[in-house]
Amino acid sequence: MQYELIKLKTIKTPDLGSLSFFEGMVDIPFEMKRIYYIHHVPENGERGGHAHRTMKQLLFCPYGKIMLKLHDGRRQQNLLLDDASKGILLMPGLWRDMVWLMADSVLCVATDQYYDKEDYIRDFNEFLNFVEGGEEGR
Ligand code: TYD
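Residues numbered from 1 in each chain as written. Predicted model: local features only at pLDDT ≥ 70, side-chain atom pairs only at ≥ 80, totals over all residues. Heavy atoms only, no water.

### Things to note about the site of the ligand
Quick note on the threshold: One heavy atom within 4 Å of a molecule or strand is enough for the residue carrying it to be called near that molecule or strand. N or O atoms within 3.5 Å of each other form a polar contact, as long as, within protein, one can give a hydrogen and the other can take it, and as long as residues adjacent in sequence are counted only when both atoms are side-chain atoms. All accessible-area figures derive from a Shrake-Rupley calculation using a 1.4 Å probe, and residue coverage is judged against the displayed protein chains alone.
All residues adjacent to the ligand are Arg 34, Tyr 36, Ile 38, Arg 47, Gly 48, His 50, Met 98, Tyr 115, Tyr 120 and Arg 122. At a separation of 2.2 Å, an oxygen atom of the ligand approaches a polar side-chain atom of Arg 34. Take Tyr 120: an N or O atom from its side chain is 2.7 Å from an oxygen atom of the ligand. Burial of the ligand by the protein amounts to 64% of the accessible area it has alone, namely 530 Å².

Set out below in structure tokens:
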């Protein structure tokens, strides 16, 4: 499955928390074009339900607890985002659903491309066709 867990560099200050960071082409294999974040989701809220044709993303959760459910067309895998220093690099061609296990958890996403609705696959059967090579990436 085309994902990678990335332990984000973290500087701890005694009794005053931590600072985590990542840099394009240093800690992740792309230059960032966009950062978006999803917030104010209630407990058990579920989002996602799509894959990307070409976009790479780094997902991280600076606050809260979110279950990331991935599917590569053959198998399914759940990854827990429960630590602000945890990053998950998603390569294209992965179906994702996210479940908010804690209200108001924040999901941040850094991407290698600007928003393009044509990059989304929102139909699971179309996704299966895409990963089986039945549909070319753009
Ligand atoms: P979507 O990516 O489907 O979010 P999620 O996977 O969390 O459900 O995006 C939700 C809506 O926001 C959808 O209508 C597309 C729009 N959108 C933008 O306009 N710009 C963006 O950068 C993103 C990520 C989404």
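### Some thoughts on the pattern of salt bridges
Two side chains bearing opposite charge may form a pair once their charged atoms approach each other closely. For the record, the criterion: Only one rule defines a salt bridge in this text: a Lys or Arg side-chain nitrogen within 4 Å of an Asp or Glu carboxyl oxygen. Per the convention used, a helix needs a DSSP run of H or I reaching at least four residues, while a strand needs a run of E reaching at least two, with both numbered from the N terminus. Relative accessible area decides the class of each residue, using a 1.4 Å probe on protein chains only: under 20% of the type maximum gives buried, over 50% gives exposed, and in between gives partly exposed.
Applying the stated rule across the entire model yields 6 salt bridges. Note that Glu 46 and Lys 69 form a salt bridge whose closest N and O atoms lie 3.7 Å from each other. Note that Glu 46 is positioned in strand 5 (residues 46-52) and Lys 69 in strand 7 (residues 66-71), a separation of 23 residues in sequence. The exposure class assigned to Lys 69 is partly exposed, which follows from its relative accessible area of 24%. A salt bridge links Asp 72 to Arg 74, with the nearest nitrogen and oxygen atoms 3.9 Å apart.

### Digging into the nonpolar core
Quick reminder of the rule: Side-chain atoms within 4.5 Å are what join buried Ala, Val, Leu, Ile, Met, Phe, Trp, Tyr and Cys residues into a set we call a nonpolar core.
One finds Ile 66, Leu 68, Leu 90, Trp 100 and Leu 107 to be the most contacted residues of the largest nonpolar core, which totals 16 residues. Going through the elements one at a time, strand 6 (57-63), strand 7, strand 8 (76-81), strand 9 (86-90), strand 10 (95-100) and strand 11 (106-111) are the ones with two or more residues in this core. Counting 12 residues, the second largest nonpolar core, distinct from the first, contains Phe 30, Leu 58, Phe 60 and Cys 108.

### What about the state of the cysteines?
Here is the rule: Pairs of cysteine sulfur atoms within 2.5 Å are identified as disulfides in what follows.
For the structure shown, the criterion picks out 0 disulfides. Between Cys 61, a cysteine without a disulfide, and Cys 108, which holds the nearest cysteine sulfur, the sulfur-to-sulfur distance is 8.0 Å. Under the relative-accessibility criterion, Cys 61 is labelled buried at 1%.

### Some thoughts on the sheet that holds strand 6
We apply this condition: At least two DSSP bridges between two strands are required for those strands to pair. For helices, the fitted line uses only the C-alpha atoms of the stretch in contact; every axis is such a line through C-alpha atoms, and the angle between N-to-C directions lies from 0 to 180 degrees.
With antiparallel pairing, the 5 strands of this open sheet are ordered in space as 1-9-6-11-4. The outermost strands of the open sheet, each flanked by one partner alone, are strand 1 (3-7) and strand 4 (34-38). Looking at each pair of strands side by side, their axes are set apart by 25° on average, direction ignored. Here strand 1 runs beside strand 9; their pairing, made up of 5 bridges, is antiparallel. Its bridge partner being in strand 9, Leu 5 is matched across the sheet by Ile 88.

### Considerations on helix 1 (residues 124-131)
Selection criterion: Within this analysis, the arc is defined by the directions that extend from the helix axis to the C-beta atoms.
Within helix 1, burial applies to Phe 127, Leu 128 and Phe 130. Down the axis of helix 1, the smallest arc covering the buried residues is 160°, so these residues share one side. At the N-terminal boundary of helix 1, the capping side chain belongs to Asp 123, with an oxygen 3.1 Å from the backbone nitrogen of Asn 125.

### Quick notes on the sheet that holds strand 12 (residues 120-121)
Overall, antiparallel pairing links the 5 strands, which are arranged 8-7-10-5-12 in an open sheet. Looking at the sheet topology across the chains shown, the edges are occupied by strand 8 and strand 12. Two elements, strand 5 and strand 12, share 2 bridges in a ladder whose sense is antiparallel. Its bridge partner being in strand 12, Ala 51 is matched across the sheet by Ile 121.

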